[in-house]
Structure formats: structure tokens, C-alpha cells
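Topology and contacts: notes
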Amino acid sequence: MSQNPTKHTKVLIIGSGPAGYTAAVYAARAMLNPILVYGSEPGGQLTTTTDVENFPGFAEVIQGPWLMDQMKEQAKAVGTEMIEDHIGSVNLKSTPFEATGDSGQKYTADSIIISTGAQARWLNLKSEQEFRGFGVSACATCDGFFFKDKEVAVVGGGNAAVEEAMFLTKFASKVKLIHRRDSLRAEKMLQKKLMENKKIEIIWDSVVEDVLGDREPKNVKGIKIKNLKTDKTEELKIDGLFIAIGHDPATSLFKDQLNMDNEGYLITKPDSTETNIPGVYAAGDVKDKTFRQAVTAAGMGCMAALEAEKFLSH
């Protein structure tokens, strides 16, 4: 079997989404001829989001998959080479950096921009996946607005869950926080605020067993929950369910080569996208567990490309 010759590029971008595509646009316009390698789900988390109302520049509601498509076409139009392949291993210990795809293709690069993103953890219920985008969400800041004067539930017990519950009280008439234990992991200050909020009810020692709703048109009507201490199940009437049990950044590829925090997010220098290896940059949800917005990811993609350009010019 003849092997494809190694592909060399000044900038290799791994992962597609607002961060990767924006990095590609900037790198291509800087005449760096970037290669962007995208996996089986190009566009990342936004492709599972229908209505996007918070991306600047669009007065009308736009669709997540459409926005990602536009970004991809824009990156292509200015000169990005797009390759569908899954990067299985990287070697960042010597330059040029090396990456190998599952296809067998080898890539070498003078700089690398990592924008492999993160994925929300789900409860992995069949009904939850079925109603995803139709009342089940993993992002209150994205979708809270759609639940004005409605009743919603949040699943989780950490900072993210408590913050989502608090945020949702701006819109929802009632928020039920469902946690599998009898105490929260969230920091004490946040817990105090939560307890003081009249709109929030905490349901302890409980897990969601099923999401209930209509199939035509698709929308959530309630959930079935089970109390782990009494084994009793009950149905709650709600209009929306928010899953806030954490995200997993796609960083296993870089273990033992790049600095990460205890949750696996890549660590970059302050006010920079540079990792602990000069010439290797990280942008978007792969390094950002605070904001996780399309616009902040795009901003970081721009920063990474500009930093890579400066690095390459020296």
C-alpha cells in the first residue's frame, strides 16, 4: 500500500468550530496556507444547536449548523485547505511538530492551533437525546430566554448547575434543582445565594429517569424522577430540562505533552492562547470552561492565528 507523502504546513489547525474556523480565516489571510483537519462532526457543539440569537451581526435568528457552514466556506474561500481526518496522535516534543491521522496521513507543522472543543456530559437517556433542542439543553445562557414564565429543572450539584439555576430565574417562573446527593459541591457563597432565591426549589437525593413530552410537535412536558433513598418515583410537570453535570474537553490526545488542569482543559498563558510549548496554541472550549460561547471561541481563534503568525515571523 503506497503511503501518502507527509503534508507540511506552517499552521495546522486541529478541530473545527467557531475557534478553528476563525483561526483558519486569519491564518489564511496572513498567507500562511493553513491546513484545518476536522473530524466526523465538523462544526462542533453549534451543529446541535438550532436557534442562535446571541452571535453578533445577525438581527434575525440564525441556525447553528448554518453559521458553522458559513464559517467553513469563508475559511475555504480565503485559502484554507480542509481535510476530513481524525488526528490519532501528535508529537510536540520536537519541531516541526508531527501529527498522524487515522487515515495514515502524516502532517508536519511549524505551529499548531488546537480547537478540539468540549462536549457536555449528558445523562445518556434515550428520551433526553430525543428531546435535545426541543426542551432539553446543556446551556442555560444559550437557551434560557426561550423559557420565559415557564417551569424548568436543572440537573447537577456543582458551580455550573447552581449558576445555571440562578441564571434561569431571570426567565423561568420556577426552577427545580435536582441533585443526586444530599449536599451541593458548589462553593458556599453560591449556595447561600441559591438558598435565598425564592424561585428555586432543591430536590435532593434524586435522579432523572425519563424525559416526558409530546412527539408531534416535539416538546418537553415533564420528567420522571427517582429518590435514591426511598426508591420512590414521581413525575414533575416542567417545560424545560437543563443538564449541568459538566463538560469533557477533547484533550486526551495531548496528555503528558501539554499542561492541563485537573478536568483536562488546556492551560494557556495569561492574555494569550499559547500553551506551555511555544508555537502550540489552544482556542475555544478546549481551554475555556468559563464562558463557552461561540463568540468568545471565535475571538480566541483570531488571537491564536495572530500569535502563530508572530511566532512564525521570528
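Provided above is the structure to which this section pertains.
Below is a short write-up of the structure. All residue numbers here refer to positions counted from 1 along the written sequence of the relevant chain. The model is predicted, so local features are restricted to residues of pLDDT at least 70 and side-chain atom pairs to those at 80 or more, both for listing and for counting; the totals for chains, interfaces and linings are taken over all residues. Side-chain calculation: all heavy atoms of the structure are included, whereas hydrogens and water are not.

Concerning the overall build of the protein
The test is simple: Numbering of helices and strands runs from the N terminus, with a helix taken as a DSSP run of H or I at least four residues long and a strand as a DSSP run of E at least two residues long. The atom set for the radius of gyration is the C-alpha atoms, and the globule formula is 2.2 Å times the number of residues raised to the power 0.38. Every residue pair with non-hydrogen atoms within 4.5 Å of one another is taken to be in contact. Computed with a 1.4 Å probe, the accessible areas rest on the Shrake-Rupley method; for each residue, only the protein chains presented here act as cover. Note on charges: Lys and Arg go in the positive column, Asp and Glu in the negative column, and His and the chain ends are not counted at all. A charge is said to be at NZ when it belongs to Lys, at CZ for Arg, at CG for Asp and at CD for Glu.
The secondary structure content of the protein amounts to seven helices and 19 strands. The globule rule puts the C-alpha radius of gyration for 314 residues at 20 Å, and the 21 Å found for the protein is close to it. By its C-alpha atoms, the protein is 60 × 40 × 40 Å across when sized along the principal axes. The long-range fraction of contacts in the protein, counting pairs at least 24 apart against all pairs at least 6 apart in sequence, stands at 58%. For the protein, the exposed area adds up to about 15900 Å²; of that, 51% sits on carbon and sulfur atoms. Charge centroids of the protein, computed over 37 positive and 42 negative side chains, lie 4 Å from each other.

A word on the pairing of strand E2 (residues 35-38)
How we decide: Burial here depends on accessible area, computed with a 1.4 Å probe over protein chains only, as a share of the maximum for the residue type. Under 20% is buried, over 50% is exposed, and the range in between is partly exposed. Should DSSP find at least two bridges between two strands, the strands are regarded as paired. A crossover counts as right-handed when, viewed with the strands pointing away from the observer, the path leading from the first strand over the helix to the second turns clockwise.
Judged by which residues are buried, E2 turns out to be covered on both faces: Ile35 and Val37 on one side and Leu36 and Tyr38 on the other are all buried. Looking at chain direction, strand E1 (residues 7-14) and E2 are connected through three bridges and run parallel. From the neighbouring strand, Ile14 faces E2, where its bridge partner is Val37. After leaving E1, the chain enters helix H1 (residues 18-29) and then returns to the sheet as E2, a path that is right-handed.

Brief notes about the pattern of salt bridges
Quick reminder of the rule: Any Lys or Arg side-chain nitrogen found within 4 Å of a carboxyl oxygen on Asp or Glu counts as a salt bridge.
All chains considered together, the criterion is met by 14 salt bridges. Of the charged contacts in the structure, one is a salt bridge between Lys76 and Glu73, with a shortest N-O distance of 3.8 Å. Of this pair, Lys76 and Glu73 both sit in helix H2 (residues 64-77), three residues apart, roughly one helical turn. In this structure Glu73 comes out as partly exposed when scored by relative accessible area, which is 42%.

Thoughts on the packing of helix H5 (residues 159-168) against helix H6 (residues 188-196)
For clarity, the threshold we go by: All axes are obtained by fitting lines to C-alpha atoms, using only the stretch in contact for helices, and the reported angles, taken between N-to-C directions, cover 0 to 180 degrees. In this scheme the crossing of two helices becomes right-handed for a clockwise turn of the near helix relative to the far one and left-handed for an anticlockwise turn of less than a right angle.
One can describe the packing of H5 onto H6 by two numbers: an axis separation of 10 Å at closest approach and a directional angle of 35 degrees. In terms of crossing hand, the pair formed by H5 and H6 is left-handed. Residues Asn159, Val162, Glu163, Ala165 and Met166 of H5 form the contact with H6, whose own contacting residues are Leu190, Lys193 and Leu194.

Section: the side chain of Glu128
Filter applied, for reference: Polar contact is the term for a pair of N or O atoms within 3.5 Å; when the atoms are in protein, one must be able to donate a hydrogen and the other to accept it, and sequence-neighboring residues count only if both atoms are side-chain atoms.
Mapped onto the elements, Glu128 comes out in helix H3 (residues 126-130). An unpaired buried charge is present at Glu128: no salt bridge exists, and Arg132, the closest side chain of opposite charge, is 6.9 Å distant. Side-chain polar atoms of Glu128 contact the backbone nitrogen of Asn124, separated by 2.9 Å. Setting aside residues up to four positions removed in sequence, Glu128 forms contacts with Trp122, Leu123, Val136, Val211 and Ile243.

Describing the nonpolar core
Rule in force here: Put simply, buried Ala, Val, Leu, Ile, Met, Phe, Trp, Tyr and Cys residues joined by side-chain atoms within 4.5 Å make one nonpolar core.
Among the nonpolar cores identified, the biggest contains 29 residues, and Ile13, Leu36, Phe55, Leu67 and Ile113 are the most heavily contacted of them. Listing elements by their share of this core, those giving two or more residues are E1, H1, E2, H2 and helix H7 (294-313). Residues Ile14, Ile35, Leu258 and Val286 belong to the second largest nonpolar core, which totals 22 residues.

A look at the sheet that holds strand E11 (residues 151-155)
Read across the sheet, five strands follow the order E10-E17-E11-E12-E13 without closing on themselves; strand pairing throughout is parallel. At either margin of the open sheet sits one strand with a lone partner, and together these are strand E10 (136-137) and strand E13 (200-203). Two strands pair when backbone bridges link them, and E11 and strand E17 (residues 240-243) are joined in this way by four bridges, in the parallel orientation. Its bridge partner being in E17, Val155 is matched across the sheet by Ile243. Of the strands in this sheet, E11, strand E12 (174-178), E13 and E17 are in contact with H5, which crosses E11 at around 170 degrees.

With respect to the environment of Gly246
With respect to the helices and strands, Gly246 occurs in the loop between E17 and strand E18 (247-249). Along the backbone, Gly246 and Gly57 are 189 residues apart, and their C-alpha atoms lie at a distance of 30 Å.

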